[in-house]
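In case you want the letters, here they are:
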Amino acid sequence: MTTSIPEARFAPRATPETQPYWDATAAGRLDLPRCRPCDQVFFYPRSSCPRCGSTDLEWVTCSGRGLLHTYIVSHRPAPGFPVPTVIAVVELEEGPRMMTNLVEADPDTLELDMPVEVRFEQRTGVAVPVFVPMKENA
Amino acid sequence: MSRDVVIMGAAETDIGKLPTTSTLELHVEGARRALADANLTKDQVDGIASVSIPGPIQVAHSLGITPTYVDGTGVGGSSFLFHVRHATAAIKAGYADVVLVTHGESGRSRVGAPMHPRAGDSVMAQFEMPYGITGPPTSFTVPARRFLHETDNTLEQLAEVAVAQRRWASRNPRAMFRDEISVDDVLGAKMIADPFTLLMCCLVTDGGGALVVASREFAEAHGSDKPLVHILGTGEAATTPLISQMEDMTRCKQFTLSSQAAFKESGTSQADIDHLMIYDAFAHVPLYGLEDMGFVGRGESGAFVAEGNTSPGGSLPLNTNGGGMSYTHTGMYGMFAIQESVRQLRGEAAAQVDGAGTSLVLGNGGMFMSAATLILANQR
């Protein structure tokens, strides 16, 4: 049986250093830290740059566009998720990669490196970034 | 002068479905059997190493040992290789003489084994678990499609890994699955995480085992008449706790780093290795291991396996107990990979490789999170 109940899906909780990320998703933005000395955006949010170690960081809003880097089509039941579910890694336009779901797409039509864009899925008390195939001519 | 270090005792418990044995008891039973194998009493042990459940202090206390060297490194299924490496360093430094490394896991029956609690605000919980990941089958598998895409390896060759290992398992009466299988069987099995079918995934079993690591001097003075297994070189490395954050999803950096360290310390190269164990939680992991340790070139691992090189009679026997996919996989499989190398080097394996004088064990921890390499030999 495939049941799709977003409210029943796992709802993450922020820690102080990740709160701005989750505040942004609630407002419909994908924000990530950028290291000013390196000019690098990185995922996941941390209090210093994993490349140079600087704490001179600022939050930037990502374009929400990326490429489908890799994925599986999960046939394992997970609370609130339909079977099958596409579990993917997306490479953001800004460089970092992140785990996500690819939704609103037939798993048989997916191709690696296809363009995707972010959507926000409302869970209990938190909005989770997921991705959809980018519409042509968008 | 640095002391030579050896594995002087090794043993596994019963394995498979053990619904009346707790995780702790599996550690303790493995330890008793390994000590008996080494012809030692528990009072000759001065060091203990194990993972966090139930923890080295609990294991030592249950056995009646007061250790003066304790290692609780818990970095996933590779932990026991890390323990052997750390024990080797401690023995060389004179901090311990005899270190007991124990594993036990009621992975299937879950007796005395709490599920790994993971807070909803851990890093993994925030950035990976929200996406329907239920465990290793739906996360460890994620990089594989990219790996196949960027290399010349194929889905059929991925299936060949399971086929080759089942050939070894068919020769091993202790293996959980022993009937030989075909590529079609593998590809046609129940889909778990496309492209991975059930037969490309490891088992979930109960079991335990232990090793006795000691100075060669001590082993020769006090041990049994079993052949000593010499630790020639070791390496360890760790990268990311989140699989989505691998630098390159088609390469496992810690496989390269840990094996390079072990080759360097041992003064050996790939061509010197007679027998190989690569932690196989899923079918792609041995392919990464073969490539990232330099046994084959980039993109050549699939054909290497498909051509039978790692199968019985092949040039590089790999996972000769049947591996995590056919032999046993309690959750933290690394102990069983080491045990098979010890058996091969002693000449007592169920599917014995003729002339196995050197063996390399590569352990993976977590989902491409940590790795350690041991290069072992039957003489120094």
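All of the points below concern the structure found in this document. The model shown is predicted, which means the values in this text are computed figures rather than measured ones.

We now examine the overall build of chain A. Each helix and strand in chain A was counted, giving 1 helix and 8 strands. For 138 residues, the compact-globule estimate of 2.2 N^0.38 gives 14 Å, and chain A sits close to it at 16 Å. Dimensions of chain A, computed from the C-alpha atoms along their principal axes, are close to 50 × 35 × 25 Å. By the burial criterion, 33% of the 138 residues in chain A qualify as buried. Counted over contacts in chain A with a minimum sequence separation of 6, partners at least 24 positions apart contribute 52%.

Before going further, it helps to spend a moment on the packing of helix H1 (residues 23-38) of chain B against helix H2 (residues 56-63) of chain B. Residues and elements named next belong to chain B. Two elements in contact, H1 and H2, have axes separated by 10 Å at closest approach and are oriented at 60 degrees. Accordingly, the angle class assigned to the pair H1 and H2 is oblique. Crossing hand, H1 versus H2: right-handed. Touching Leu24, His27, Val28 and Ala31 of H1 are Gln58, Val59, Ser62 and Leu63, all from H2. Taken together, the residues of the contact of H1 with H2 break down into 5 nonpolar, 3 polar and no charged.

Tracing the sequence through the fold places proline 130 of chain B in the loop between helix H4 (123-127) and helix H5 (144-150). Looking at proline 130 of chain B, the number of C-beta atoms within 10 Å reads 22, which means it is buried. Measuring from C-alpha to C-alpha, the distance between proline 130 of chain B and glycine 120 of chain B comes to 9.6 Å, with 10 residues separating the pair along the chain. Not counting residues within four places of it along the chain, the set of residues in contact with proline 130 of chain B comprises Arg9, Phe10, Pro12 and Val128 of chain A.

Let's shift gears to the interface of chain A and chain B. Counting from both sides, the interface comprises 28 residues of chain A and, opposite them, 27 residues of chain B. Elements that contribute at least two residues to the side of chain A that touches chain B include exactly strand S4 (65-74), strand S5 (85-92) and strand S6 (97-102) of chain A. A per-element tally of the side of chain A that touches chain B places S4 of chain A first, with 6 residues. Tallied by class, the residues present in the side of chain A that touches chain B amount to 15 nonpolar, 9 polar and 4 charged. Sheet analysis places S4 of chain A next to strand S5 (residues 191-194) of chain B, joined by 2 bridges and oriented antiparallel. In the sheet register, serine 74 of chain A faces S5 of chain B, and the bridge partner there is alanine 193 of chain B.

This paragraph deals with helix H13 (residues 334-346) of chain B. Residues and elements named next belong to chain B. Over its 13 residues, H13 runs 19 Å from end to end, which matches the ideal 18 Å to within 8%, given 1.5 Å per residue. Extensive coverage of H13 is indicated by the burial of 12 of its 13 residues. For H13, the set of buried residues is Gly334, Met335, Phe336, Ala337, Ile338, Gln339, Glu340, Ser341, Val342, Arg343, Gln344 and Leu345.

All names here are of chain B. Strand order across the open sheet formed by 9 strands is S3-S2-S4-S7-S1-S8-S11-S10-S9, with mixed pairing between neighbours. If you trace the sheet from one side to the other, it starts and ends with strand S3 (69-71) and strand S9 (275-278), each paired once. Across the sheet, the mean angle from the axis of one strand to that of its neighbour is 25 degrees, orientation sign disregarded. The pairing of strand S2 (residues 47-49) with strand S4 (residues 98-106) spans 3 bridges and is classified as parallel. Its bridge partner lying in S4, glycine 47 is registered against valine 99. Its contacts with the sheet place H2 against S2, S3 and S4, and it is angled at close to 130 degrees to S2. Along the sheet face, H13 touches strand S1 (5-12), S4, strand S7 (206-215), strand S8 (229-238), S9, strand S10 (358-365) and strand S11 (370-377) and points at about 175 degrees away from the line of S10.

This part takes up the nonpolar core. Residues and elements named next belong to chain B. Ranked by internal contacts, the top residues of the largest apolar core, which has 149 residues, are Val99, Val212 and Val213. Looking at this core element by element, the count peaks at 8 residues for helix H6 (residues 155-169). Dropping the residues within four chain positions of it, valine 99 is found in contact with Gly47, Ala49, Tyr69, Ala87, Ala90, Ile91 and Val213.

All names here are of chain A. The strand order across the open sheet formed by 3 strands is S2-S1-S3, and the pairing between neighbours is antiparallel. Two strands in the sheet have a free side with no partner beyond their single neighbour: strand S2 (40-41) and strand S3 (57-61). By the bridge criterion, 2 bridges tie strand S1 (residues 31-35) to S2 in an arrangement that is antiparallel. Bridging from a neighbouring strand, arginine 34 pairs with valine 41 of S2.

Residues and elements named next belong to chain B. With 8 of its 8 residues buried, S1 lies for the most part within the structure. Note: S1 against S7, 7 bridges, orientation antiparallel. Bridging across to S7, alanine 10 finds its partner in leucine 211. Note that S1 and S8 share 2 bridges and pair antiparallel. Looking at the pairing, valine 6 lines up with histidine 230 of S8.

Here we come to the pairing of S5 of chain A. Residue and element names in this part refer to chain A. Within S5, 7 of the 8 residues are buried, which leaves it mostly tucked inside the rest of the structure. Of the pairings in the sheet, the one linking S4 to S5 comprises 8 bridges and is antiparallel in character. What sits directly across from glycine 66, in S5, is leucine 92. Bridge count between S5 and S6: 6 bridges; the pairing is antiparallel. Paired with glutamate 91 across the two strands is arginine 97, which belongs to S6. Between the antiparallel neighbours S5 and S6 lie 4 residues, among them glycine 95 with a positive phi of about 120 degrees.

The rules behind each value
Residues numbered from 1 in each chain as written. Chains lettered and ligands numbered in written order. Predicted model: local features only at pLDDT ≥ 70, side-chain atom pairs only at ≥ 80, totals over all residues. Helix = DSSP H or I, 4+ residues; strand = E, 2+ residues; numbered from the N terminus. Rg over C-alpha atoms; globule rule 2.2 N^0.38 Å. Buried ≥ 20, exposed ≤ 12 C-beta atoms within 10 Å, placed from the backbone. Contact = placed C-beta atoms within 7 Å. Axes fitted to C-alpha atoms, helices over the stretch in contact; angles between N-to-C directions. Parallel < 35°, antiparallel > 145°, perpendicular 65-115°, else oblique. Left-handed = near helix turned anticlockwise from the far one by under 90°. Nonpolar A, V, L, I, M, F, W, Y, C, P; charged D, E, K, R; others polar. Pairing = 2+ DSSP bridges. Expected span 1.5 Å × (residues − 1). Core = buried A, V, L, I, M, F, W, Y, C linked by C-beta atoms within 7 Å.

Bear in mind that shape data such as this cannot, by itself, settle questions of function.
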